[in-house]
Amino acid sequence: MLTLSRAIEQSGSLVVIADTHGHIEYVNPKFTEVTGYTLAEVVGRNPSLWKSGETPMKEYARLWETLRAGGEWRGEFRNRKKDGGLYWALASISPVRNAAGIVTHFVAVEEDITERKEAEQRQKKLNEDLALSQRKLLKTVEELQSAQMRLIEAEKLETVGRLAAGVAHEVKNPLAVIHLGLEYLLREHGGRDGETSQVLNDMAGAVHRAGVVIGDLLNLSAAKQLALQPVHLNGMLDQCLTMLHVPAAATRVHIAREFAPDLPPVPLDSQKIEQVFLNLCINAFHAMPDGGTLTVRTLLRQLDPAEAHREPGSRSGAAFRPGDTVVVVEVDDTGAGIPDDVLPRIFDPFFTTKPTGKGTGLGLTVSKKIVQLHGGRLRIHNRPEGGVRATVLLKA
Ligand SMILES: Nc1ncnc2c1ncn2[C@@H]1O[C@H](COP(=O)(O)OP(=O)(O)O)[C@@H](O)[C@H]1O
Ligand SMILES: [Mg+2]
């Protein structure tokens, strides 16, 4: 017996013996070493003395259930030392029976596993931090890739634009000569017979269409200088919409104006910007051949951080910053919207889904260019409720 008690006294494990009511009868020196509680301080007390509140309650419930059923419980505790510090214990608690087989005591043998647990937790935290950094890294790579894509697109556009402008310059003068010639022929010979005047009119129509394309192309690479003047956007938009009154009535498109009353004047090249809004409105009309509603809205708002990053291809040095006050023009239609496979191409020069004669595929290319020259943004997306929204952001 003496050997046994000496062995327990000198054991490297914490040993606690309690009666079936949980009253402590014995703790060994290792227990005192780890927890700071002496035998005298804990005798007659309950092990809840060193409960930390950090071991889940259901763990205790399971413990008592196991012990009451006569079984041995193994598990981990996070306990509190006398000085308030915490330690981890890997415990095995088992019933002790007398000669008659009746449970009289419980004996707990515990291992101080604080170091291991803390190392584990440090590792876990490290892994989490690592995973987080990795996610951030992936996101950065994605952003970089998409920025690169946009840059490539912008450069392609630059090249195409320069090429097209070169061609346009060459074609512009011959076209003007043909135009004048046709006017002369129509004047002199137009009345002679119906067939001749029909042919001449068709030719004039074709030359006019070619002129529109050439005009758009030249716009695409137009001089970088803008004739900036303070413009009251509501007034300008009102003028555009008045111009569109007749085609609107013809296609039974209802025009709604939702203008913010407090818009400050914006420095704009009014001719160029007018062309942007005409392009956007005409696209909207084309999208609603069977009628619908064209809503033109103006508003003043603060740019949120997500919108603020700079777009490659925008040539203006003035990038948007979060919190900047921007004037926003939204052109909404109730048409069929833009199919997903078409959407990425709508700003490409000459991309059109319209029949020859109706679309040149340059409207949005030119419009984006003009808006970017102003240091602004042009975005086109499908509205959740159907139709398309074109958004023009301009620095106030
Ligand atoms: N409001 C809109 N609704 C549906 N599709 C649109 C709208 N605006 C533009 N698109 C699509 O984008 C294409 C390119 O537009 P744009 O550059 O103005 O050229 P165009 O009008 O000459 O076709 C259009 O052909 C059309 O497919
Ligand atoms: Mg168009």
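Everything in this summary refers to the structure shown in the same document. A quick note: this is a predicted structure, and the numbers were derived from the prediction, not measured. (Residues numbered from 1 in each chain as written. Chains lettered and ligands numbered in written order. Predicted model: local features only at pLDDT ≥ 70, side-chain atom pairs only at ≥ 80, totals over all residues. Heavy atoms only, no water.)

**Digging into the sheet that holds strand E5 (residues 103-112)**
Strand order in this open sheet of five strands is E2-E1-E5-E4-E3, and the pairing throughout is antiparallel. This sheet does not close on itself; its edge strands, each paired only once, are strand E2 (24-27) and strand E3 (73-80). Neighbour-to-neighbour, the strand axes of this sheet turn through a mean angle of 25°, independent of strand direction. Bridge analysis of E3 against strand E4 (residues 86-97) gives eight bridges, and the strand direction is antiparallel. Of the residues in E4, the one forming a bridge with Arg78 is Trp88. Sitting on the sheet, helix H4 (residues 57-68) is in contact with E3, E4 and E5, with an inclination near 140° to E3. (Pairing = 2+ DSSP bridges. Helix = DSSP H or I, 4+ residues; strand = E, 2+ residues; numbered from the N terminus. Axes fitted to C-alpha atoms, helices over the stretch in contact; angles between N-to-C directions. Contact = heavy atoms within 4.5 Å.)

**So, the site of ligand 1**
Surveying the vicinity of ligand 1 reveals 16 residues, the closest of which are Asp333, Thr352, Thr353, Lys354 and Leu364. Thr360 places a main-chain nitrogen or oxygen 2.9 Å from an oxygen atom of ligand 1. Considered on its own, ligand 1 offers 530 Å² of accessible surface; in the complex 92% of this is hidden by protein. Elements with a contribution of two residues or more to the shell around ligand 1: helix H9 (270-287) and helix H11 (363-373). Here the residues of the shell around ligand 1 are counted per class, giving six nonpolar, eight polar and two charged. (Near = heavy atom within 4 Å. Polar contact = N/O pair within 3.5 Å; in protein donor to acceptor, adjacent residues only side chain to side chain. Areas by Shrake-Rupley, 256 points an atom, 1.4 Å probe, with all protein chains shown as cover. Nonpolar A, V, L, I, M, F, W, Y, C, P; charged D, E, K, R; others polar.)

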